[in-house]
Amino acid sequence: MKWEKLKPPEPDDPMCCCECDIYQYGCCCDCEDLDEAFNRWLKDKPPKSGCQSPVLGALIDNLEISMIPALVLLPLLLRVAALHYLLGITILTTLPGLVLWYYYATHRRKRRTLFFLTLALYSLAYMYYLFITEILPRGDVSQLQVCTVTTGMILTIGSLIHTKRGPGFVTTSLFEVRSPSQEANKDSTHLNGSTQSAVSPSADTAAELQTTKATPAGKWSSCPVCKIMRPPRAGHCRTCGSCVQRLDHHCIWINSCVGQANHRSFLLTLSVFVLTSLYGITLVLCSLCPRQYLMTALFYCPGVYSQSSTALCFTCAWYSSIVTGGLLYLLVVQVLNISFNVTEREAQLALRNKTGQSRLWGLVIDTGEYSRGFCQNWVEFLTMTDASVSSRSSLTDLV
């Protein structure tokens, strides 16, 4: 099968993420495709493979109805884990493996999927629901603390929505706008160089040497898949099927790439979520185990399994701690990469080509290509802007 059939649609495409040429009765969000699918269904006979309606099957597959069993099983497994601490250890240990098995069993053929994003948002909402219904009535949490947790939840969702607005896709118009400015700079440089050469030839030679050294870092390249010119540090995402400016990585938890336009909001989302989650876990443990130290309450809390409600909250605190620990590791790696001015994609390429140096026990790979010092690296990260001239890319990738 050709690449064009396997390649997902472009992220700026107005249609949804369904592949019309794969299904026999292709059904998409466009009205013409939907009408054509129903016309084929009315005229032709049902396929021999099954008795289910082909249009209904396409809609179910595209809407990812298979997420429902996972969303139902998650609170059920947590309640079973709250029955005994041995069950809790067993279920919480095997839960990541069960999630990955279910994902590969139901969503293996999909490249862009809402599986992990839906699971993360549902887990966040369920933890907040238990906090309001089980911990708040105990009277150990003040209204100010509840407002703090609620504000953290709202900021997390708000920054996530801002992250989902787009990573900064490379378009053909980006190079077309860049080309005239480059020609103007070349003309002005040529005129200034000819004027200065008559005065000081040595200065002109030094300027040429500096330009030669700076050329590899600022060189535009052609993408072999998209067939467009892309700026330095841009990369092609196989999942999205498009090039992204200053591509860091494709995050399955937000179903989007992390690039130049949304990297800061992605870092903000991670930071706010980790802080809110740590604060919420602290409030839960202080309410369930008031006589224990905070560091030991998560491992030893006597009498917590005497009631089903307290056991469930204690199990969910462990579940939240596991998720928060993974995201805290991701946050630390992101902070270190920014401090060395290297993206995750560049670090992987450096490891593959053996051109980078491992720093801080392997947490970061220093390529030394773009680093200009700790302070300058953070200034560059905080002040970078999206160079894309396309206005559609900021509103189309909300899911």
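Being a predicted model, the structure only gives us computed values, none of them experimental.

Participant: How do you make sense of a nonpolar patch on the surface when you look at a structure like this?
Facilitator: Taken together, L73, L76, V80, L83 and L87 make up a surface patch of nonpolar side chains, about 430 Å² in accessible area. Ranked by residues supplied to the nonpolar patch, first place goes to helix α4 (residues 67-81) with three residues. Residue position: L73 is located in helix α4. Overall, the relative accessible area of 42% leaves L73 in the partly exposed class.

Participant: Mind showing me how you'd approach the pattern of salt bridges here?
Facilitator: One side chain can pair with another of opposite charge once the charged atoms of both are near each other. Tallied over the entire structure, the rule returns five salt bridges. For R138, the salt bridge goes to D140, with nearest N and O atoms at 3.9 Å. Note on D140: relative accessible area 45%, which makes it partly exposed. R233 is the salt-bridge partner of E346, the closest N and O atoms lying 2.8 Å from each other. Here E346 is found in helix α13 (residues 344-353), whereas its partner R233 is found in the loop between β2 (229-230) and β3 (235-237), with 113 residues between them in sequence. One connected set of salt bridges, linked through shared partners, spans R233, E346, R372 and E380.

Participant: Can you walk me through the packing of aromatic side chains in this structure?
Facilitator: A ring pair, where both rings are aromatic, is described by two values, the distance of the centres and the angle of the planes. Per the counting criterion, the structure on display carries 10 aromatic pairs. On the basis of an interplanar angle of 50° and a centroid distance of 5.4 Å, the ring pair of Y103 and F115 is categorised as tilted. Placement of Y103 in helix α5 (residues 85-106) and of F115 in helix α6 (residues 115-135) is noted, with a sequence separation of 12 residues between them. Summarising the burial analysis for this pair, Y103 and F115 share the class buried.

Participant: Please clarify how the side chain of R246 should be interpreted in this entry.
Facilitator: Counting through the fold element by element, R246 comes out in the loop between β4 (242-244) and β5 (249-251). No salt bridge is formed by the buried R246, whose closest oppositely charged neighbour, E380, lies at an N-O distance of 5.1 Å.

Participant: Before we go on, may I ask you to explain the state of the cysteines in this structure?
Facilitator: Structurally, a disulfide amounts to a covalent bond that connects the sulfur atoms of two cysteines. Overall, the coordinates contain one disulfide when judged by the stated rule. Shown here is the disulfide that connects C289 with C301, its sulfur atoms set 1.5 Å apart. On the S-S bond that ties C289 to C301, the torsion sits near -110°, and the link is left-handed. Here the residue C289 occupies a position in the loop between α10 (263-288) and α11 (294-297), and C301 occupies one in the loop between α11 and α12 (308-339), the gap between them amounting to 12 residues. Classification of C289 as buried rests on a relative accessible area of 5%. Classification of C301 by relative accessible area gives buried; the value is 10%.

Participant: So what exactly am I meant to see when it comes to the side chain of T163 here?
Facilitator: Take T163: it is sitting in helix α7 (residues 143-163). Classification of T163 as buried rests on a relative accessible area of 1%. A polar atom in the side chain of T163 sits 2.7 Å from the backbone oxygen of S159. There is a polar contact of 3.3 Å between the side chain of T163 and the side chain of T269. Not counting residues within four places of it along the chain, the set of residues in contact with T163 comprises I254, N262, S265, F266 and T269.

Participant: Explanation requested: the environment of S222 in the structure shown.
Facilitator: Secondary-structure assignment places S222 in strand β1 (residues 221-222). A relative accessible area of 47% means that S222 is categorised as partly exposed. Excluding residues that lie within four positions of it along the chain, S222 makes contacts with I228 and M229.

Participant: Any chance you could explain unusual backbone geometry here in plain terms?
Facilitator: As a rule of thumb, non-glycine residues mostly have phi less than zero, and peptide bonds are mostly trans rather than cis. In this model, K227 sits at a positive phi of 60°, which is unusual for a non-glycine residue. Relative to the helices and strands, K227 resides in the loop between β1 and β2. Positioned with a positive phi, K354 is a non-glycine residue whose angle comes to about 60°. Mapped onto the elements, K354 comes out in the loop between α13 and β7 (357-359). Relative accessible area serves as the criterion here: at 76%, K354 is assigned to the exposed category.

Participant: Please clarify how α6 should be interpreted in this entry.
Facilitator: Here α6 contains 21 residues, and its C-alpha end-to-end distance of 29 Å stays within 8% of the 30 Å for a straight helix at 1.5 Å per residue. When we look at burial in α6, the residues that qualify are F115, F116, L117, L119, S123, L124, Y126, M127, L130, F131 and I135. Check the buried side of α6 and you find it contacts α4, α5, α7, α10 and α12.

Participant: So what exactly am I meant to see when it comes to the nonpolar core here?
Facilitator: Nonpolar side chains tend to gather and get buried jointly when the protein is soluble and globular. Judged by nonpolar contacts, the single largest core of 20 residues is most densely connected at L78, F115, Y126, L312, C316 and Y319. Ranked by the residues each element gives to this core, the list is headed by α6, at six residues.

Participant: Help me understand the packing of α10 against helix α14 (residues 374-383) in this model?
Facilitator: Packed helix pairs are characterised by how far apart their axes lie and by the angle those axes make with each other. Contact pair α10 / α14: the axes reach a minimum separation of 8 Å and the direction vectors enclose 105°. Classed by the angle they form, the pair α10 and α14 counts as roughly perpendicular. Across the interface between the two elements, H263, R264 and L267 from α10 touch W378, F381, L382 and T383 from α14. For the contact of α10 with α14, the residue count by class is four nonpolar, two polar and one charged.

Participant: Even after reading the chapter, I still don't get the packing of α7 against α10, so can you show me in this structure?
Facilitator: It is the contact of α7 with α10, at a shortest axis distance of 9 Å, that shows an interaxial angle of 155°. Here α10 runs roughly antiparallel to α7, going by the angle between their axes. The hand of the α7/α10 crossing is left-handed. Of the residues in α10, those in contact with Q145, T148, V149, G152, M153, L155, T156, S159, L160, H162 and T163 of α7 are S265, F266, L268, T269, V272, F273, T276, Y279 and L283. Tallied by class, the residues present in the contact of α7 with α10 amount to 10 nonpolar, 10 polar and no charged.

Cut-offs and rules
Residues numbered from 1 in each chain as written. Predicted model: local features only at pLDDT ≥ 70, side-chain atom pairs only at ≥ 80, totals over all residues. Heavy atoms only, no water. Patch = residues over 30% accessible without salt bridge, like charges linked within 9 Å, V, L, I, M, F, W, Y side chains within 5 Å. Areas by Shrake-Rupley, 256 points an atom, 1.4 Å probe, with all protein chains shown as cover. Salt bridge = Lys/Arg side-chain N within 4 Å of Asp/Glu carboxyl O. Helix = DSSP H or I, 4+ residues; strand = E, 2+ residues; numbered from the N terminus. Buried < 20%, exposed > 50% of the residue type's maximum accessible area, 1.4 Å probe, protein only. Phe/Tyr/Trp six-rings, centres within 6.5 Å; stacked < 30°, edge-to-face > 60°. Lys, Arg positive; Asp, Glu negative; His and termini not counted. Disulfide = S-S within 2.5 Å. Polar contact = N/O pair within 3.5 Å; in protein donor to acceptor, adjacent residues only side chain to side chain. Contact = heavy atoms within 4.5 Å. Expected span 1.5 Å × (residues − 1). Core = buried A, V, L, I, M, F, W, Y, C linked by side-chain atoms within 4.5 Å. Axes fitted to C-alpha atoms, helices over the stretch in contact; angles between N-to-C directions. Parallel < 35°, antiparallel > 145°, perpendicular 65-115°, else oblique. Nonpolar A, V, L, I, M, F, W, Y, C, P; charged D, E, K, R; others polar. Left-handed = near helix turned anticlockwise from the far one by under 90°.

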